[in-house]
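Here's the letter readout for the chains.
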Amino acid sequence: MLSFMTETQTVWERLVNTEKPVVLYGMGLGAEKIMRVLDRYGVKVADIFASDEFVRGHSFCGYRVMKLSEVQQKYDDFIIVVAFAFWQDDLIERVCALSLQYELVAPHVPVIGEGIVDFTYLSEHEKEIADAYSRLADEQSRRVFSAVMNYKISGKIDGILAVTTPKQEAYGLIRPTRGDAYLDLGAYDGDTIREMMEKAGGELRRVVAVEPDPKNYRKLTTFTENLAGDVTTLNVGIYDRDTTLVFANKAGRHSAVSRDGKGVEIPMRSIDSIADGQPFTLIKMDVEGEEKQALEGGREQLARFAPRLIVSAYHRNEDTFALVNQIHALNPDYQIYLRQHPYIPAWDNNIYAIREGAQ
C-alpha cells in the first residue's frame, strides 16, 4: 500500500454509513455528478441548500433550493456535502466555519469523466502513483501530492487547505522574464498573459496565445491588440497533432473537446507544429482535460528546448500522477513541482516543471 495514504474510508462509504440527513450545498454540473454517484451507492439526498444570495424560490433536480437557516430549522444535525467549486476567500472561510459546526465533505468528482477514486483505483494505479511521488522535486510537492490523493479518497478539505499556497509562491519557481517566448494554451481572455507580463516586469519578448472558443477568442484579441511587441493569437485548439475535432463551445473557462459529438468543428494544432522548430521558453497549458495530448504534441519542444511548464493537473482523476510521469518520460532532466492554490475542491492544482539552466 502507498505509504503516504492515511485515509481508511472513502467519502462515499462515510455517506452510506451516516445516520444523519445528507444535505447538498450547491447546484450545477458538479452537484449533478455527485448526486449520480450518491444514487449508485443508494444514498438519499435529504435536501439542497445554497448561499442565501442565490436562493430565489427555485428548484434543482426536483428539490426546492433552501437557505441554510431553513435546513437548520428542519434538522437538529446533518452532514453537509459541498457540491460546487469556488476559490474566493469569503466562501472558503464560510465553508471552514460550517465544517466546525457540522460534519462536512467536498467529494472529489473529476471535471472530465465519471469514474471515482477509491481503494480499488489506488490499487490498480499503485506503481504509477508511487513513481510520480518519487519524481517530485521538493518536500512541498510531496506534501501536496499526498494531500490531494488523500482528499480524493476522503473528501475532507482540511488536508487540502493545509498545503494551499498562493500563486505568488509558484511564480518564484518559474520566474517569468522579459526575454521569455511564452506559449499560452487555453488563453481565455488573456488573464494569464497579464499575470506573466506583470511578473516579468511589464513585457515579454514573444507571446503566442491559443484559444479555441470563438467568444473567448474575441475577448482575447480585444486585449492583445493593445499589447506592444510580438504577439500572435490563434483561434484553434491544442492536441497531439494537427487535426479537426468537434468542440463543445461553452463561452467560458471550461470550453472543451466535445464528449458526445455535439458542437462545432475546430481546427487543432500541436505544440511542435505551432513552434515550427523555434523554441518557447515558457508554456502554460490549461486545456480542459487535453493536457496529456498537448504534452504529447510537444515532444520536440520538451526534449530539445525544455521550456518551463505550467500544467493543470486536476481535470481527470489520473492527472495528478499520470502527467508527472509523462513529463518525466518526455524529458528526465525536468525538476517537477506540484502546488495547490486556493480552491475547493482541489482545483487549481498545477505542475511546474523546470530544467535548471534551460533558456
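Residues numbered from 1 in each chain as written. Predicted model: local features only at pLDDT ≥ 70, side-chain atom pairs only at ≥ 80, totals over all residues. Heavy atoms only, no water.

1. Focus on the overall build of the protein
Thinking step 1. On a plain count of helices and strands, the protein comes out with 15 helices and 17 strands.
Thinking step 2. A principal-axis box enclosing the C-alpha atoms of the protein has dimensions of 65 × 45 × 40 Å.
Thinking step 3. Relative to its full complement of 359 residues, the protein shows a buried share of 55%.
Thinking step 4. Taking all contacts inside the protein whose residues are at least 6 apart in sequence as the whole, residues at least 24 apart take part in 71%.
Thinking step 5. Surface summary for the protein: the accessible area is close to 15700 Å², and the carbon and sulfur share equals 48%. (Helix = DSSP H or I, 4+ residues; strand = E, 2+ residues; numbered from the N terminus. Buried < 20%, exposed > 50% of the residue type's maximum accessible area, 1.4 Å probe, protein only. Contact = heavy atoms within 4.5 Å. Areas by Shrake-Rupley, 256 points an atom, 1.4 Å probe, with all protein chains shown as cover.)

2. Examining helix 2 (residues 29–40)
Every α-helical turn comprises 3.6 residues, leaving residues that sit three or four positions apart pointing alike.
Thinking step 1. Here helix 2 contains 12 residues, and its C-alpha end-to-end distance of 17 Å stays within 8% of the 16 Å for a straight helix at 1.5 Å per residue.
Thinking step 2. Of the positions making up helix 2, those classed as buried are Ala 31, Lys 33, Ile 34, Met 35, Val 37 and Leu 38.
Thinking step 3. Tucked inside the fold, the buried residues of helix 2 contact helix 1 (11–17), strand 1 (22–25), strand 2 (45–49), strand 3 (59–60), strand 4 (63–66) and strand 5 (79–82).
Thinking step 4. Of the residues one or two after helix 2, Gly 42 is the one with positive phi, at around 75°. (Expected span 1.5 Å × (residues − 1).)

3. Quick notes on the side chain of Glu 288
Thinking step 1. Structurally, the position occupied by Glu 288 is in the loop between strand 14 (282–285) and helix 13 (291–296).
Thinking step 2. There is a polar contact of 3.4 Å between the side chain of Glu 288 and the side chain of His 315. (Polar contact = N/O pair within 3.5 Å; in protein donor to acceptor, adjacent residues only side chain to side chain.)

4. Considering the pairing of strand 14
Strand residues, when the strand is regular, have side chains that alternate between the two faces of the sheet.
Thinking step 1. The two faces of strand 14 match: Leu 282 and Lys 284 on one face and Ile 283 and Met 285 on the other face are all buried.
Thinking step 2. The pairing of strand 7 (residues 181–185) with strand 14 spans 4 bridges and is parallel. Each bridged residue has a counterpart across the sheet, and for Leu 185 the counterpart in strand 14 is Met 285.
Thinking step 3. For strand 14 and strand 15 (residues 308–312), the ladder comprises 4 bridges, and the chain directions are parallel. Of the residues in strand 15, the one forming a bridge with Ile 283 is Leu 309. (Pairing = 2+ DSSP bridges.)

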